[in-house]
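Structural description and commentary
Each chain, written out:
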Amino acid sequence: MAAVSDRLPAFPWDKLEPYKATAAAHADGIVDLSVGTPVDPVPQLIQRALIEAADSPGYPTVWGTVALRDAITGWVRGRLGASAAEHRNVLPVVGSKELVAWLPTQLGLGAGDKVAYPRLAYPTYEVGARLCGAEAVVYDDPTELDPAGVKLLWLNSPSNPTGKVLAKEDLVRIVAWAREHGILLFSDECYLELGWEAEPVSVLHDDVCGGSYEGVVAVHSLSKRSNLAGYRAAFVAGDADVLGELLEIRKHGGMMTPAPVQAATVAALGDDAHVEEQRERYAARRTALRTALEGHGFRVEHSEASLYLWVTRDEPCWDTVAHLAGLGILVAPGDFYGEAGARFVRVAFTATDERVEAAVKRLG
């Protein structure tokens, strides 16, 4: 039996292990700015909601409780500007990475089909294509692609790794192009709450999609905005026909968000105060790291949103990784995200204030 893993690229993070060991040997310990995992506490109101729903002996539903669907649709209308969103336009998922990796398979794609994603991108878009045997294709501007055979188009704004934000007029143009060619568009908007020098806009905004969700779906996660990476709380919103099909498939696959997590998601989406508090933490860490990196000779490109700084010293990325590891700082090499990142590194500001301060001192 052929191993499915043979279709996949080598797991990139394994290559960082020697550099992680070097950084960990620093006298003051490692400052890990590589993965971008939240480190701050889960807000108390979310923890309380999880605990209060802990006595959940029965199976949850794939579509989620009415309260969850109410919370998601309300947030989508209010935060994304998708005024026509209803229950049939939303679907909870078990973390956004699961959705990204298995979406092409669940859409029935395979050999002869193409999945398109940005030239610099989260590696799981490619993984999803490879898992189902489709062809992965990259783009700089999706409207310059040959549309023949393209069945799924991924957008990612704000971008991981670059932090680049697509302007509203670009989103309008891309949505129109995808609809013209009958291409399903999924927009990964997991960093939408984290705009610093730009205001990210959803593809579901009335001004972008014209109030119709035909052929358009947005992906959202609570991992970053609410420190819920450990909860695997996420959802998709948009085209009711697409989500209805995914719902039926996911019912058969048992892809259910646990009931306590559903309750926690309702609490998280109903509160803006904790989101703003977390934004303030990240903003302070971002400013401190950006200033220190520029003082150390780095150039920052894009980075107007998300949880990362996309930086370069105009040298091979692994040389930069080695240099910073020698200072006890671990970062992600840019080539993890595509060949176009070969002279950049991605620096996450998801570390505690104390560790960020340590990095700043070392860079100084």
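Throughout what follows, the structure given in this document is the object of discussion.

About the cut-offs
- Residues numbered from 1 in each chain as written.
- Predicted model: local features only at pLDDT ≥ 70, side-chain atom pairs only at ≥ 80, totals over all residues.
- Heavy atoms only, no water.
- Buried < 20%, exposed > 50% of the residue type's maximum accessible area, 1.4 Å probe, protein only.
- Helix = DSSP H or I, 4+ residues; strand = E, 2+ residues; numbered from the N terminus.
- Right-handed = clockwise from strand over helix to strand, strands pointing away.
- Phe/Tyr/Trp six-rings, centres within 6.5 Å; stacked < 30°, edge-to-face > 60°.
- Lys NZ or Arg CZ within 6 Å of the ring centre and 35° of its normal.
- Axes fitted to C-alpha atoms, helices over the stretch in contact; angles between N-to-C directions.
- Parallel < 35°, antiparallel > 145°, perpendicular 65-115°, else oblique.
- Contact = heavy atoms within 4.5 Å.
- Nonpolar A, V, L, I, M, F, W, Y, C, P; charged D, E, K, R; others polar.
- Core = buried A, V, L, I, M, F, W, Y, C linked by side-chain atoms within 4.5 Å.
- Pairing = 2+ DSSP bridges.

Here we look at the pairing of strand β6 (residues 184-188)
The element β6 is extensively covered by neighbouring structure, given that five of its five residues are classed as buried. Where burial is concerned, the two faces of β6 agree: the one with Leu184, Phe186 and Asp188 and the one with Leu185 and Ser187 are both buried. Each parallel crossover has a hand, and the one from strand β5 (residues 150-156) via helix α6 (residues 168-180) to β6 is right-handed.

Considerations on the packing of aromatic side chains
Counted under the stated rule, the structure contains 14 aromatic pairs. Where tryptophan 310 meets phenylalanine 344, the ring centres are 5.1 Å apart and the plane angle is 0°; that geometry is what we call stacked. Linking tryptophan 310 in strand β10 (residues 308-312) with phenylalanine 344 in the loop between β12 (332-333) and β13 (345-348), this pair joins segments that are 34 residues apart in sequence. The ring centre of tyrosine 308 lies 3.8 Å from the NZ or CZ of arginine 346, which sits over that ring.

Observations regarding the packing of helix α4 (residues 96-106) against helix α8 (residues 240-253)
Following both chains from N to C, one finds α4 and α8 inclined at 100°, their axes separated by 12 Å at the closest point. By the angle between their axes, α4 is roughly perpendicular relative to α8. Residues Glu98, Leu99, Leu103 and Gln106 of α4 lie in contact with α8, whose contacting residues are Leu246, Ile249 and Arg250. Among the residues making up the contact of α4 with α8, the classes are represented as four nonpolar, one polar and two charged.

Focus on the nonpolar core
A general feature of soluble globular proteins is that nonpolar side chains tend to end up buried together. Judged by nonpolar contacts, the single largest core of 67 residues is most densely connected at Trp154 and Phe186. Sequence-distant contacts of tryptophan 154, that is, excluding residues within four places in its chain, are made with Leu99, Val100, Leu103, Val115, Ala116, Tyr117, Pro118, Tyr125, Tyr139, Phe186, Asp188 and Val219. Counting residues in each nonpolar core, the second largest holds 44 residues, with Ile46, Ile72, Leu153 and Leu228 among its members.

Here we look at the sheet that holds strand β8 (residues 234-238)
Within a beta sheet, neighbouring strands are joined by backbone hydrogen bonds and run either parallel or antiparallel to one another. A sheet is described by the order of its strands in space; here seven strands give the open sequence β2-β8-β7-β6-β5-β3-β4, paired in mixed fashion. Bordering the open sheet on either side are β2 (90-93) and β4 (135-139), each of which pairs with just one other strand. Neighbour to neighbour, the strand axes of the sheet diverge by 20° on average, direction disregarded. The sheet contacts of α6 involve β5, β6 and β7 (216-221), and relative to β5 the element is tilted by about 170°.

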